[in-house]
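Okay, here's what each chain looks like letter by letter:
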Amino acid sequence: MLILGIESSCDETGLALYDTEKGLISQALHSQVDLHADYGGVVPELASRDHVRKITPLTRLVLNEANKSLSDLAGIAYTAGPGLMGALLVGASFAKSLAWSLNIPSIGVHHMEAHLLAPLIEPSNAPELPFMALLVSGGHTQLVHVKALGDYEILGESLDDAAGEAFDKTAKLLGLGYPGGPKIAAKAESGDPTRFKFPRPMTDRPGLDFSFSGLKTFALNTVHNNSPLSEQDKADIALAFELAAVDTLSIKCKRAIDQTKVKHLVIAGGVSANTRLREKLSSDLKAQVIYAPLELCTDNGAMIAYAGALRLQAGQSSDLGITTKARWPMDQLDAI
């Protein structure tokens, strides 16, 4: 069963082919980082237009690289939400139209479920059920108790800014550019860990929810109190912010694992590529920590193709209506 996966939820156009017998056989990704860099964040209208430009040539590319044609496809999976509505509609419209023309099924995939499943694309990497998942990206920070495919319990989530969003905004404050995660991490390498102490939000009270808005505000006040900033000032603030964010995520993961007694933690999403976070989780947690390959940490078509393949194999599919959800709780995975 050969599945074409289409990811277009935000600022990356991802296409991939997943074979249920051979695994991932080709993928291509176009990043819009340069397009949005001058704005310090994603501009929805520009993102949508760029998806329109890239989705067809990337489809041809993954088919050619795998030596396949459209007639070889058994199904098409696409990101149905959550995400930017215009960007989602580009991928959904393309997927539905192509599936209709080929007379094959299509399936709408939840973006965060796909991230959650990304580490499982390699069978040797798959954890035993149940397991805990930390999903950390620009738009979401969630702790999810994964009991089975499609059976998810959200134990904690961000009440305001997601971790990745806080990284982006802090990087902008420091004039480091976009995307913020890798910019902060690189600058923090030369920082002094003793100079600034940032708060670890919501770790002094029970619960598994996150809040990164106050951490971002603390960074803002620190920038104002030390302006004009030298390069060393920027490095010290970047490190203090990164340490606080990483500690907060680690503390909450430890609580979730203690609460559920699971043996594995799957971490996925763009922030999961952060080296300091990986080192902290590996050293602090009793559970085995499992990551997606680095190239699958950010948004990509491979995770959509894989998640779609699992659901299509289970007999699920979507109708011909073009339905997307900008907001879509992962514990409400009704078919689209």
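Here, the structure is the one placed above.
I will try to describe carefully the structure that is included in this document. (Residues numbered from 1 in each chain as written. Predicted model: local features only at pLDDT ≥ 70, side-chain atom pairs only at ≥ 80, totals over all residues. Heavy atoms only, no water.)

Details of the side chain of Q142
Move 1: Relative to the assigned elements, Q142 resides in strand β7 (residues 141-148).
Move 2: Setting aside residues no more than four positions away along its own chain, Q142 makes contact with M112, A133, L134, L135, I154, G156 and E157. (Helix = DSSP H or I, 4+ residues; strand = E, 2+ residues; numbered from the N terminus. Contact = heavy atoms within 4.5 Å.)

Considerations on helix α6 (residues 180-188)
Residues lying three or four places apart along an α-helix face the same way, a consequence of the helix completing one turn every 3.6 residues.
Move 1: When α6 is considered as a whole, its buried residues turn out to be G180, I184, K187 and A188. The arc that holds the buried residues of α6, viewed along the axis, is 100°, so those residues lie on one side. In this structure, α6 carries P182 and A186 as exposed residues pointing more than 90 degrees from its buried face.
Move 2: Against α5 (163-173), α8 (231-260) and α9 (275-284) lie the buried residues of α6. (Buried < 20%, exposed > 50% of the residue type's maximum accessible area, 1.4 Å probe, protein only. Arc of directions from axis to C-beta.)

With respect to α8
Move 1: An ideal rise of 1.5 Å per residue puts 44 Å on 30 residues; α8 measures up with 44 Å between its terminal C-alpha atoms.
Move 2: Most of α8 sits inside the fold, with 21 of its 30 residues counted as buried. (Expected span 1.5 Å × (residues − 1).)

Some remarks on empty space enclosed by the protein
Move 1: Throughout the structure, instances matching the rule amount to one cavity of 30 Å³ or more.
Move 2: In this structure, the largest cavity occupies an estimated 50 Å³ of space.
Move 3: In terms of lining residues, the largest cavity is bounded by eleven residues, among which G108, R311, W328, L333 and D334 are the most central.
Move 4: Per element, the largest residue contribution to the lining of the largest cavity is four residues, and it comes from strand β5 (residues 106-110).
Move 5: Among the residues making up the lining of the largest cavity, the classes are represented as five nonpolar, three polar and three charged. (1 Å grid on protein atoms, 1.4 Å probe; cavity = no way out; pocket = protein on both sides within 12 Å on 5 of 7 lines; lining within 4 Å. Points joined across faces, edges and corners; volume = space filled by probe spheres on them. Nonpolar A, V, L, I, M, F, W, Y, C, P; charged D, E, K, R; others polar.)

As for the packing of α5 against α6
Move 1: At their nearest, the axes of α5 and α6 sit 7 Å apart, and the two run at 60° to each other. Taken together, the axes of α5 and α6 are oblique relative to one another. Once α5 is placed against α6, the crossing between them reads as left-handed. The segment α5 lies against α6, with F167, D168, T170 and A171 engaging G180, G181 and I184. (Axes fitted to C-alpha atoms, helices over the stretch in contact; angles between N-to-C directions. Parallel < 35°, antiparallel > 145°, perpendicular 65-115°, else oblique. Left-handed = near helix turned anticlockwise from the far one by under 90°.)

Here's the deal with the nonpolar core
Move 1: Residues L134, F198, L265 and L281 are the most contacted members of the largest nonpolar core, which totals 43 residues.
Move 2: Ignoring anything within four residues of it in the chain, the contact list for L134 reads Q142, L143, F210, L249, C253, L265, V266, I267, A268 and L281.
Move 3: If you look at the next biggest cluster of nonpolar residues, it comprises 34 residues, including I3, M112, F131 and A268. (Core = buried A, V, L, I, M, F, W, Y, C linked by side-chain atoms within 4.5 Å.)

Digging into the sheet that holds β7
Move 1: Taken in spatial order, the five strands make up an open sheet running β8-β7-β6-β9-β10, and their pairing is mixed. The open sheet is flanked by β8 (151-157) and β10 (288-291), the only strands paired with a single partner. Taking the axes of each pair of neighbouring strands and ignoring which way they run, one obtains an average angle of 25° across the sheet.
Move 2: The pairing of strand β6 (residues 131-136) with β7 spans six bridges and is antiparallel. The residue of β7 that forms the bridge with L135 is Q142.
Move 3: Against the sheet, α9 makes contact with β6, β9 (264-268) and β10, and its axis sits at roughly 155° relative to β10, the strand it touches most. (Pairing = 2+ DSSP bridges.)

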